[in-house]
Amino acid sequence: MEKLITNLREFASARNWQSFHTPKNLAMALSVETAELTEIFQWLEGEESRHVDKETRQHIAEEVGDVMIYLTMLADRFDLDPLHCAKEKMKLNALKYPAANE
């Protein structure tokens, strides 16, 4: 994560984009990229979405990359580690939604 964060900071800095990367703008960009990922699956049947062709898989990979970039940048603005946030949220989910065998 640290390497990705450093690379994203350097990329934005080299282009003088920091002023555009407000939390509001990053959250909006994240939403747009998530919608673009969703659009790939919009008209597929459930089973179709499990078995996509090579071109569609590449498109999915690109959109997942965009989502990860904006999510990481947004978390970075609040000094949050997305992996730690996910782990903590899973703990809360386990309490909220206990497994049937627990």
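Whatever comes next refers back to the structure up there.
Residues numbered from 1 in each chain as written. Predicted model: local features only at pLDDT ≥ 70, side-chain atom pairs only at ≥ 80, totals over all residues. Heavy atoms only, no water.

A. Molecular detail of the nonpolar core. By size, the foremost hydrophobic cluster in this structure holds six residues: L8, L26, L30, V67, M73 and L74. Among the secondary structure elements, those contributing two or more residues to this core are α2 (23–41) and α3 (54–77). With three residues, the single largest contributor to this core is α3. Here L74 is in contact with P23, L26, A27 and L30, once residues within four sequence places are set aside. (Core = buried A, V, L, I, M, F, W, Y, C linked by side-chain atoms within 4.5 Å. Buried < 20%, exposed > 50% of the residue type's maximum accessible area, 1.4 Å probe, protein only. Helix = DSSP H or I, 4+ residues; strand = E, 2+ residues; numbered from the N terminus. Contact = heavy atoms within 4.5 Å.)

B. Structural detail: the pattern of salt bridges. The tally for this structure, following the rule as stated, stands at four salt bridges. Put simply, D76 and R9 hold a salt bridge, and the shortest N to O gap is 2.6 Å. Pair noted here: D76 is in helix α3 and R9 is in helix α1 (residues 2–14), with a separation of 67 residues, a long-range link. Note on D76: relative accessible area 16%, which makes it buried. The closest approach of N and O atoms between R77 and D76, which form a salt bridge, is 3.5 Å. (Salt bridge = Lys/Arg side-chain N within 4 Å of Asp/Glu carboxyl O.)

C. Quick peek at the side chain of E33. Assignment of secondary structure puts E33 in helix α2. One buried charged residue, E33, forms no salt bridge at all, with the nearest opposite charge on R15 at 14 Å. Other than its neighbours up to four places away in sequence, E33 contacts E63, D66, V67 and Y70. (Lys, Arg positive; Asp, Glu negative; His and termini not counted.)

D. Just the side chain of D76, in detail. Within the local environment of D76, its side chain forms a polar contact with the side chain of R77, the two groups lying 3.5 Å apart. Apart from residues no more than four positions distant in its own chain, D76 is found in contact with I5 and R9. (Polar contact = N/O pair within 3.5 Å; in protein donor to acceptor, adjacent residues only side chain to side chain.)

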